[in-house]
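So you can see what is in the structure, the chains are spelled out below.
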Amino acid sequence: MNHFVDFFLSPFSEFIFMRHALVACLALALGCAPVGMLLVLRRMSLMGDALSHAVLPGAALGFLVSGLSLYAMTIGGIIIGLAVALLAGAVARVTALREDASFAALYLISLAAGVLIISMRGTSVDLIHVLFGTILAVDDPALILVASIATITIFTMALIYRPLIVECFDPGFLRSVGGHGATMHFIFLALVVLNLVAGFTALGTLMAVGMLMLPAAAANFWAKQFWSASLAAAIIAMISSYSGLLLSFYMNFPSGPSIILIAGICYVFSVVFGKHGSLYSRHKAGGHLAG
Amino acid sequence: MGRRRLGISLACRRLGARLVIIGIKMHAITLNNLTLGYERHPAVHHLSGVFEPGSMTAVIGPNGSGKSTLLKGITGILRPLGGSIDRGGLKTSQIAYLPQMLEIDRSFPITVLDIVILGLWRDIGIFGGMKRDLWQRVEQALTTVGLEGFEARAISNLSGGQFQRVMFARMLLRDSPVVVLDEPFTSIDAQTTLDLFAVIQRWHIENRTIIAVLHDFDQVRAYFPQTLLLARDLVGWGATDQVLTEANLLLSRRMSEAWDESAAVCEENAA
């Protein structure tokens, strides 16, 4: 029995970096859940992916200037991420290219630029750290950063919940009542960028988007309303974080992929056994109702 | 004409007078030599005229004759290529507009009640809450369109006709002096059409300006005093029985077929 408890708790009670990583991931889970849900509902899942690559050259520039420094990489990531989001939106509005295509074009450019910048100064180990994260990097300032971003995210979402939801399902109506649809859209993209930046110290730029998308995609199978699905997504993200960190500790795996892989297992489980629209629920449904 | 028409118009005038007192202002929508279009090709060409306050106008014409384009111009979605629109001081956000192609995501997890309440945007805005009198108005709107008991229904579970009723309930709550409808009854069953026409009639009696694109000429003759017949250029605009003639319809069909890919820059009214 004691061994059992030891197995699940001792990594966190004995090692401060494990505690830091866990708290960071739990905070991340709270912020990412509603943002990820909206990405799924707006059919912008791949846009999140594109933005996560857009954060890379910013982080890389920060790395070029001051090595593996949290502040430089964070600020660089936020600036370049927002710039790409704005630029993609502008290209879509001014030219005939659709927003998803302009996002794809810009993220490929960003990814290439980011990898090149890092390889100019760093080693391939540095590159792996930036792309896939390292839990050893989660120190006190990183923790405060992640917690702040989670707080900002939740408060902002609560504040602009109404126009955000309307912009999501009926943008024409929001336009017709003068509801600042474009502003809401940009605030939302800014939240996506912030959460991706929050994720990359622990998970890496490539894996950060997994914390946004996988729990949200899985939560869709468990709850129907936006808020309840967001809650489900947060819970799934927390379970994945905890189990992923344990996995990475005992098996000596990199932390980012471990956490995201567990989230992926949660997703597959939900696809098969979820309450709404899963394989199992469709199979079980049987005959139709009388009225 | 005759006594019935007279009776209705008297009732209208009386109600209209009352509504002016309680605050519905009168706005004429004036088109001055208006040209609207896409990629410099005109879809509405040098159109001038006035939608009088409280008028009820059907916009008709063949496919591609610029009907929807005209509505997009009136509601401010499309900027004029030439000429101008004077909305009599009305903001575009005060015009209730039901587009033909809804951008609404029908699979979105939201209930009928939540959508209908959005019609109160002017009262509640981004942050405001619902008050008791607002709840009453929502209830009334739902009853008017025949959706009592549907409040908690998810919109993904509604039929096309039921969904159109939701859209009308939302427009009812917007309480706009001008209502613009783009083919509101295409692929809608007879009973729903009848019920929703009653709502439109009510708006008319309340002296709101109504502009609607329709395809069914019987509906136009039965309900709409005014008709605007469009074929890119104006064919006729006036009393329905004078505009909706065989000769005009034939003319409009012939005119709308002439779409020229390599058209030169229009010289008419050029400075």
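On a predicted model such as this, the values are computed, not experimentally measured, just so you know.

**Q** Can you break down the overall build of chain B residue by residue, with the values?
**A** Secondary structure assignment for chain B yields 10 helices and 9 strands. Counting across all 271 residues of chain B, residues that qualify as buried make up 48%. A separation of at least 24 residues holds for 69% of the contacts in chain B among residues at least 6 apart in sequence. Carbon and sulfur atoms make up 52% of the accessible area of chain B, which totals about 13700 Å².

**Q** An account of the sheet that holds strand S1 (residues 29-38) of chain B is needed here, citing residue identities and associated values.
**A** All names here are of chain B. The strand order S2-S1-S4 describes an open sheet built from 3 strands, whose pairing is antiparallel. The open sheet has two edge strands with one neighbour each: strand S2 (41-51) and strand S4 (82-86). Geometrically, the sheet is characterised by an average inter-axis angle of 25° between neighbouring strands, direction not taken into account. Pairing geometry for S1 and S4, over 4 bridges, is antiparallel.

**Q** An account of helix H13 (residues 255-273) of chain A is needed here, citing residue identities and associated values.
**A** Residues and elements named next belong to chain A. Between its first and last C-alpha atoms H13 spans 27 Å; for 19 residues at 1.5 Å apiece the expected length is 27 Å, and the two agree. Among the residues of H13, those classed as buried are Ser255, Gly256, Ser258, Ile259, Ile260, Ile262, Ala263, Gly264, Cys266 and Ser270. Elements in contact with the buried residues of H13: helix H2 (16-41), helix H6 (124-132), helix H10 (181-203), helix H11 (205-219) and helix H12 (226-251).

**Q** So what about unusual backbone geometry? Which residues, and what values?
**A** Residues and elements named next belong to chain B. Even without a glycine there, the phi angle at Asn33 is positive, about 50°. In this structure, Asn33 sits in strand S1. The phi torsion at Glu183 lies on the positive side, around 45°, for a residue other than glycine. Mapped onto the elements, Glu183 comes out in the loop between strand S6 (178-182) and helix H7 (190-205).

**Q** Tell me what's going on with a nonpolar patch on the surface, and back it up with residues and numbers.
**A** Nonpolar side chains collect at one region of the surface, where A:Phe7, A:Tyr250, A:Met251 and A:Phe253 lie side by side and expose about 390 Å² of accessible area between them. Judged by its relative accessible area of 36%, A:Tyr250 falls in the partly exposed class.

**Q** Which residues make up the pairing of strand S7 (residues 209-213) of chain B, and what values go with them?
**A** Residue and element names in this part refer to chain B. In terms of burial, S7 is a largely internal element, 5 of the 5 residues being buried. By the alternation rule, side chains of S7 split into Thr209, Ile211 and Val213 and Ile210 and Ala212, which are all buried. Relative to S7, strand S3 (residues 56-60) runs parallel, the two being bridged by 4 bridges. Considered in S7, the bridge of Ala58 is made with Ala212.

**Q** So, the pattern of salt bridges: which residues are in play, and what are the values?
**A** Overall, the coordinates contain 9 salt bridges over all chains when judged by the stated rule. Residue A:Glu167 is joined to A:Arg42 by a salt bridge in which the shortest nitrogen-to-oxygen separation is 3.3 Å. Here A:Glu167, found in helix H8 (residues 161-169), pairs with A:Arg42, found in the loop between H2 and helix H3 (45-66); they are 125 residues apart in sequence, far enough to count as distant. A:Arg42 carries the same exposure label as A:Glu167, and that label is buried. Where B:Glu206 meets B:Arg202, a salt bridge forms, and the shortest distance between an N and an O atom there is 3.3 Å.

**Q** Can you explain the interface of chain A and chain B? Please cite residues and give values.
**A** How big an interface is tends to be stated in terms of the accessible area lost upon association of its parts. Counting residues at the interface gives 22 residues for chain A, matched by 22 residues for chain B. In this assembly, chain A packs against chain B so that about 2000 Å² is buried in total across both faces, 63% of it on carbon and sulfur atoms. When the area that chain A buries against chain B is broken down by residue, the three leading residues are A:Arg162, A:Phe169 and A:Phe173, summing to 36%. Here chain A is connected to chain B by 2 salt bridges. The salt bridge involving A:Asp170 is made with B:Arg170; its shortest N-O contact spans 2.8 Å. At the level of elements, H8 and helix H9 (171-176) of chain A are the ones that each hand at least two residues to the side of chain A that touches chain B.

**Q** Could you give an account of the side chain of A:Ser270, with specific residues and numbers?
**A** When you line up the elements, A:Ser270 lands in helix H13. At 2.8 Å, the side chain of A:Ser270 forms a polar contact with the backbone oxygen of A:Cys266.

Analysis parameters
- Residues numbered from 1 in each chain as written.
- Chains lettered and ligands numbered in written order.
- Predicted model: local features only at pLDDT ≥ 70, side-chain atom pairs only at ≥ 80, totals over all residues.
- Heavy atoms only, no water.
- Helix = DSSP H or I, 4+ residues; strand = E, 2+ residues; numbered from the N terminus.
- Buried < 20%, exposed > 50% of the residue type's maximum accessible area, 1.4 Å probe, protein only.
- Contact = heavy atoms within 4.5 Å.
- Areas by Shrake-Rupley, 256 points an atom, 1.4 Å probe, with all protein chains shown as cover.
- Pairing = 2+ DSSP bridges.
- Axes fitted to C-alpha atoms, helices over the stretch in contact; angles between N-to-C directions.
- Expected span 1.5 Å × (residues − 1).
- Patch = residues over 30% accessible without salt bridge, like charges linked within 9 Å, V, L, I, M, F, W, Y side chains within 5 Å.
- Salt bridge = Lys/Arg side-chain N within 4 Å of Asp/Glu carboxyl O.
- Buried area = accessible area lost by both parts, 1.4 Å probe.
- Polar contact = N/O pair within 3.5 Å; in protein donor to acceptor, adjacent residues only side chain to side chain.

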